[in-house]
Amino acid sequence: MERLDKILSSTGRWSRREVKELIRTGRVTVDGRRALSAEEKADRDHSAIAVDGEAVLCARYTYLMLHKPAGLVSATEDPREPTVLSLLPPHLQKIGLFPAGRLDKDTEGLLLLTNDGALAHDLLSPKKHVDKIYFVRVEGALEESDTAAFASGMTLSDGLQCLSAGLERLPAPDEALVTLREGKYHQIKRMLAARGKPVRYLKRLTMGPLRLDESLPKGAWRPLTAEEVEALRGG
Ligand code: URA
């Protein structure tokens, strides 16, 4: 348990003095109850803290699901291009969030932003083989031989040895769901280019147990639910 003013000011949104004023004027609630004093104690990981009725993210670690649009790079900073962090409000750009796993600039879909380095490390560790599922549209028509090649573990012309991957064809001949257990640079594009079927559109749908919330428009984000965080931790 920590003092409420300390928890709220650590979000970077308000100074300690502003927090005291918010509490004094009755704008802060903890678990639905109006906070009466800045010295009140709360649990930053479990108490529901709100200002003017809006939930405040103040847990030690933050986990956001982002529906990445095309045109942004998956990085925290870049000298030339806008990054995915530019989609967040300023206070969430200051708490050490980074994308757990990259998507290419033109790839859309599920991106996890967190400041929990240990969890991100586990999700990305090549040894953990966390499955990621992508929707892909290619130039040309996909065939059973492409599914077989993906399953066999392709070796690309530059020597990259890929693990066995899934390619499930969809009713449209140029569309499929691809399942990767690793994440090498431009991997799906390189695997499909090697099959003579360049990628025209790519969107990540899942990462381990996490599934892109289809109600989230492109460019929008939301905090993960407690259940989603638990599932990612393997719980
Ligand atoms: N494979 C790719 O080629 N690009 C991505 O963004 C993700 C997987």
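Below is a short write-up of the structure. (Residues numbered from 1 in each chain as written. Predicted model: local features only at pLDDT ≥ 70, side-chain atom pairs only at ≥ 80, totals over all residues. Heavy atoms only, no water.)

**Let's talk about the site of the ligand**
Taken together, Leu 103, Asp 104, Thr 107, Tyr 134, His 186, Gln 187, Ile 188, Lys 189 and Leu 202 make up the full set of residues near the ligand. In the model, a nitrogen atom of the ligand is placed 2.7 Å from a nitrogen or oxygen of the Asp 104 side chain. Thr 107 places a side-chain nitrogen or oxygen 2.9 Å from an oxygen atom of the ligand. Compared with its free state, where it exposes 240 Å², the ligand has 95% of that area covered by protein. When residues in the shell around the ligand are grouped by element, the largest group, three residues, is from helix α5 (residues 187-194). Here the shell around the ligand is composed, by residue class, of four nonpolar, three polar and two charged. (Near = heavy atom within 4 Å. Polar contact = N/O pair within 3.5 Å; in protein donor to acceptor, adjacent residues only side chain to side chain. Areas by Shrake-Rupley, 256 points an atom, 1.4 Å probe, with all protein chains shown as cover. Helix = DSSP H or I, 4+ residues; strand = E, 2+ residues; numbered from the N terminus. Nonpolar A, V, L, I, M, F, W, Y, C, P; charged D, E, K, R; others polar.)

**Describing the nonpolar core**
Residues Leu 113, Val 136, Phe 150, Ile 188, Met 191 and Leu 192 are the most contacted members of the largest nonpolar core, which totals 31 residues. Put simply, the parts of the chain that give this core at least two residues each are β7 (63-68), β9 (108-114), β10 (132-138), α4 (144-152), β12 (175-180), α5 and β13 (199-207). Not counting chain neighbours up to four residues away, the residues in contact with Phe 150 comprise Leu 163, Ser 164, Ala 165, Gly 166, Leu 167, Val 178, Met 191, Leu 192 and Arg 195. In this structure, Leu 119, Met 207, Val 229 and Leu 232 belong to the second largest nonpolar core, which totals 17 residues. (Core = buried A, V, L, I, M, F, W, Y, C linked by side-chain atoms within 4.5 Å. Buried < 20%, exposed > 50% of the residue type's maximum accessible area, 1.4 Å probe, protein only. Contact = heavy atoms within 4.5 Å.)

**What about the sheet that holds strand β2 (residues 28-30)?**
In spatial order, the strands read β3-β2-β5-β6; together these four strands make up an open sheet with antiparallel pairing. At either margin of the open sheet sits one strand with a lone partner, and together these are β3 (33-34) and β6 (54-55). (Pairing = 2+ DSSP bridges.)

**Thoughts on the pairing of β13**
With seven of its nine residues buried, β13 lies for the most part within the structure. Sheet topology places β9 next to β13; two bridges connect them, and they run parallel. Paired with Gly 109 across the two strands is Arg 204, which belongs to β13. Where β10 lies against β13, seven bridges are found, and the strand directions are antiparallel. If you follow Lys 132 over to β13, its bridge partner there is Met 207.

**Quick look at α5**
Burial in α5 covers these residues: Gln 187, Ile 188, Met 191 and Leu 192. Buried residues of α5, seen end-on, are gathered within an arc of 120° and therefore sit on one face of the element. On its buried face, α5 sits against β10, α4, β11 (166-169), β12 and β13. Positive phi appears at Gly 196, one or two residues downstream of α5, with a value of about 80°. (Arc of directions from axis to C-beta.)

**What about the side chain of Ser 9?**
Assignment of secondary structure puts Ser 9 in helix α1 (residues 4-9). The residues contacting Ser 9, other than those within four sequence positions of it, are Trp 14, Ser 15, Arg 16 and Val 19.

**Quick word on unusual backbone geometry**
Unlike most non-glycine residues, Asp 52 shows phi in positive territory, near 50°. For Asp 52, the location among the structural elements is in the loop between β5 (49-51) and β6. In this structure, His 186 takes a positive phi of about 50° despite not being glycine. Assignment of secondary structure puts His 186 in the loop between β12 and α5. His 186 gets classed as partly exposed once you look at its relative accessible area, which sits at 27%.

**Some words on helix α2 (residues 16-24)**
Listed in full, the buried residues belonging to α2 are Val 19, Leu 22 and Ile 23. Along the long axis of α2, the arc covered by the buried residues comes to 95°, so they all point the same way. Counted as exposed and oriented over 90 degrees from the buried face of α2: Arg 17 and Arg 24. Contacts from the buried residues of α2 go to α1, β2 and β5.

**Some remarks on the pairing of β10**
With five of seven residues buried, β10 lies mostly within the body of the structure. Where β10 and β12 come together, six bridges link them in antiparallel fashion. The residue of β12 that forms the bridge with Arg 137 is Glu 175.

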